[in-house]
Amino acid sequence: MNQHSHSLPASYDAAPLELTRRAWPWPLLTLLLVAFVLIPVLGDDYWLNAILIPFLILSLAGLGLNLLTGYTGQTSVGAAGFMAVGAFATYSLLLRVPGLPLPLALVGGGIIAAGVGFVFGIPSNRIKGFYLMVTTLAAQFFLEWVFTKFPWFYNYASSGTISAPRLELFGYDLHSPLGRYLLVLTSVVLLTWIAVNLVRSQIGRNWMAIRDMDTAAAVIGISVDRHKRLAFAVSSFYLGVAGALWAFAYLGTASASSFDINRSFQILFIIIIGGMGSIAGNFIGAAFISLLPLLLNQIGQGLLSGMVDAGQLQNLQKIIFGMLIIWFLVKEPEGLIRLLANLGERLKAWPLRF
Amino acid sequence: MTPQMAEPILQVQAISLSFKGVKAINDLSFSVRRGEICALIGPNGAGKSSLLNILNGVYRPDSGEVVFEREHFRGIHPLEAARRGIGRTFQNNALFKKMTVLDNLLTGLSRHTQSGFFAQALGLPRARHEARQFRERAENILEFLELQPWRSVAVGKLAYGQQKRVELGRALIAEPRLLLLDEPMAGMNAEEKHEMSRFILDINRDLGTTVVLIEHDIKVVMGLSNHVVVLDYGRKVGDGTPTEVQSNPEVISAYLGTVH
């Protein structure tokens, strides 16, 4: 080490090329191939409707919240409120702007949600930590109230619900489970790609710097307030799109109560379990949250049906689910993604561990 | 060219600063020539850190002004100071603990980012080009400060001395013309101090960076700097070359203690 010379090389042609050249991401490409080709061919309607569509949308919502909470360090318990904004805004755009293509309506809904998120992010200039969390709680209740109180948002329907006015793209009807699955998958892939770009960019580094030590970030020249508000806006954009997809591609018919505080907690659990400050963690967390109850249900019915009554069985599942969450968090507070990474490291060395 | 002949890069002119009536700095003037290593020494509470905080705009002096590269400032904003080429490290490391060494270095370039939000979000060629340039600068710094083996290690997991080096690198990556180091060797053992001194000398010699540093270890100061300013209770009690300062009776009584 010590015999290194200290002069800066005039040009640095050799190393950075080696370092920046990327290998083809084969595992990712395989995954995309499976998602776009294999699943549409093999998957049945139940799998698409009940498992894959909600899993993907929850992953997207987790991604949105993770940008704000995991990357920028601003804890929010108002995620579902911003999902509601996206859902109701997209509904309004589809209903009131004739001929507006579906992708534009989704983006429009996301932008409106981003605007609302930006406004609710303004207090983050002054309020930090626990207190900021309470303002996001206020946002959650306020937004839920707005979409219940003012009938304009649900077009004066007596039921107080919204359903997709039209779900089509270039003349193709997307009402079939496969159509909705492909719509959701495409949205998720595009937005995930953008999120990866963002967190690897200077903006992402500024966010993480603010998360780790906001005073130091300010002194070295990062505009802290602006980047916090940006994080609120971008996060709400993702949540807004996720909310619109949740309402129209999964539920079909939604109301303000589809986006209640429980949904917010669900999204927060996804990022805590999956891994804060990780993109892949959102998918793993969403898989855990949406698939494990189904699995427990199957196991419970297989093993205990007849012996325990159905209501008790449901409660038992919730208890086991809660205990599993606690167990995972005790084992690895940084989430399942860290657990998997450690496992991967160990497998690399296996069987020659020493 | 010896620093003694060069023009001043920085002039502190009759600066005073007080906190709730307590004078931290009292009518202080001195100048730093381009290319020199200037050490600020003095007992705890002498106003050394406060002075650095004025120089990079964290504090605003009650009176007096700072002249940096012939421009006069009363109070300069930290962002402005950084943009004009004043870099800074802190007494207690102000690093981003969960981020990697490489990412920490790159945050030093945040205020130099030209590409906008959409360019970065969509990975447009402009943003990619800029990212590549930034990465090259970071790689140069990693090599210069011998930090390559820890490139992708979270800074919080590094030893203290290495963290100090990362902080130096974060200031250095923006290519400052004036580098303010607040106790760069605090808490280090002799070997680490030696290594850090070598880096500071190399930065000064190879990159032509003017350095103003605060240091308590008098042996390090005498070996490293070619200009020493001695502060005591916010006043200047000595100013000159290390040998001049060492033989100044007022300095000896204020800082080094009375001669036995």
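Residues numbered from 1 in each chain as written. Chains lettered and ligands numbered in written order. Predicted model: local features only at pLDDT ≥ 70, side-chain atom pairs only at ≥ 80, totals over all residues. Heavy atoms only, no water.

### Here's the deal with the sheet that holds strand 1 (residues 8-19) of chain B
Residue and element names in this part refer to chain B. On the basis of which strands lie adjacent, the open sheet formed by four strands has the order 2-1-4-5 and antiparallel pairing. The two strands at the open ends of the sheet, each matched to only one other strand, are strand 2 (22-33) and strand 5 (71-73). Ignoring strand direction, the axes of neighbouring strands in this sheet form an average angle of 20°. Of the pairings in the sheet, the one linking strand 4 (residues 63-68) to strand 5 comprises three bridges and is antiparallel in character. Opposite phenylalanine 68, over in strand 5, you have glutamate 71 as the bridge partner. (Pairing = 2+ DSSP bridges. Helix = DSSP H or I, 4+ residues; strand = E, 2+ residues; numbered from the N terminus. Axes fitted to C-alpha atoms, helices over the stretch in contact; angles between N-to-C directions.)

### Things to note about the sheet that holds strand 9 (residues 227-232) of chain B
Residue and element names in this part refer to chain B. Spatially, six strands are ordered 6-7-8-3-9-10 in an open sheet, and the strand pairing comes out mixed. At either end of the open sheet lies a strand with only one pairing partner, and these are strand 6 (86-89) and strand 10 (235-240). Across the sheet, the mean angle separating the axes of adjacent strands is 15° when strand polarity is ignored. Taken together, the four bridges between strand 6 and strand 7 (residues 178-182) define a ladder with parallel strand orientation. What sits directly across from isoleucine 86, in strand 7, is leucine 178.

### Some points on the packing of helix 7 (residues 177-200) of chain A against helix 10 (residues 224-251) of chain A
Residue and element names in this part refer to chain A. One way to put it is that helix 7 packs onto helix 10 with a least axis distance of 11 Å and a crossing angle of 170°. Between helix 7 and helix 10, the crossing angle belongs to the class labelled roughly antiparallel. Where helix 7 abuts helix 10, its residues Arg180, Leu183, Val184, Ser187, Leu191, Ile194, Ala195 and Leu198 lie against Val234, Phe237, Tyr238, Val241, Leu245, Phe248, Ala249 and Tyr250. (Parallel < 35°, antiparallel > 145°, perpendicular 65-115°, else oblique. Contact = heavy atoms within 4.5 Å.)

### A short note on the confidence of the model for chain A
Keep in mind that low pLDDT regions are not for reading the predicted coordinates in detail. Per-residue confidence for chain A gives a mean pLDDT of 87, with 92% of residues at or over 70. Within the model, the stretch residues 1-17 of chain A combines pLDDT values under 50 with 22 contacts to residues more than four positions away or in other chains. (pLDDT = per-residue confidence, 0-100.)

### Remarks on the domain arrangement of chain B
All names here are of chain B. Taken domain by domain, chain B consists of domain 1 (1-85 + 175-260) and domain 2 (98-174). Averaged C-alpha coordinates put domain 1 and domain 2 at centres separated by 27 Å. Listed as interface residues are 21 residues of domain 1 and, on the opposing side, 14 residues of domain 2. Taken together, the links from domain 1 to domain 2 amount to two salt bridges. Of the charged contacts, one joins arginine 137 and glutamate 175 as a salt bridge, the two residues approaching to 4.0 Å between their closest N and O atoms. For the pair domain 1 and domain 2, the interface holds four residue pairs in polar contact (both at pLDDT 80 or more). For the side of domain 1 that touches domain 2, the secondary-structure elements that each account for two or more residues are helix 2 (78-83), strand 7 and helix 7 (190-206). (Domains from an automatic or database assignment. Salt bridge = Lys/Arg side-chain N within 4 Å of Asp/Glu carboxyl O. Polar contact = N/O pair within 3.5 Å; in protein donor to acceptor, adjacent residues only side chain to side chain.)

### With respect to the nonpolar core
Counting residues in hydrophobic clusters, the biggest one holds 101 residues, and the most contacted among them are A:Leu60, A:Tyr238, A:Leu245 and A:Phe259. Of the residues forming this core, the biggest block, 16 residues, is contributed by helix 10 of chain A. A:Phe259 has contacts with A:Ala80, A:Gly81, A:Met83, A:Ala84, A:Ala87, A:Gln140, A:Glu144, A:Gly243, A:Trp246, A:Ala247 and A:Ala254, leaving out every residue within four places of it along the chain. Grouped together as the second largest cluster of nonpolar side chains are 41 residues, B:Val101, B:Phe144, B:Leu147 and B:Leu181 included. (Core = buried A, V, L, I, M, F, W, Y, C linked by side-chain atoms within 4.5 Å. Buried < 20%, exposed > 50% of the residue type's maximum accessible area, 1.4 Å probe, protein only.)

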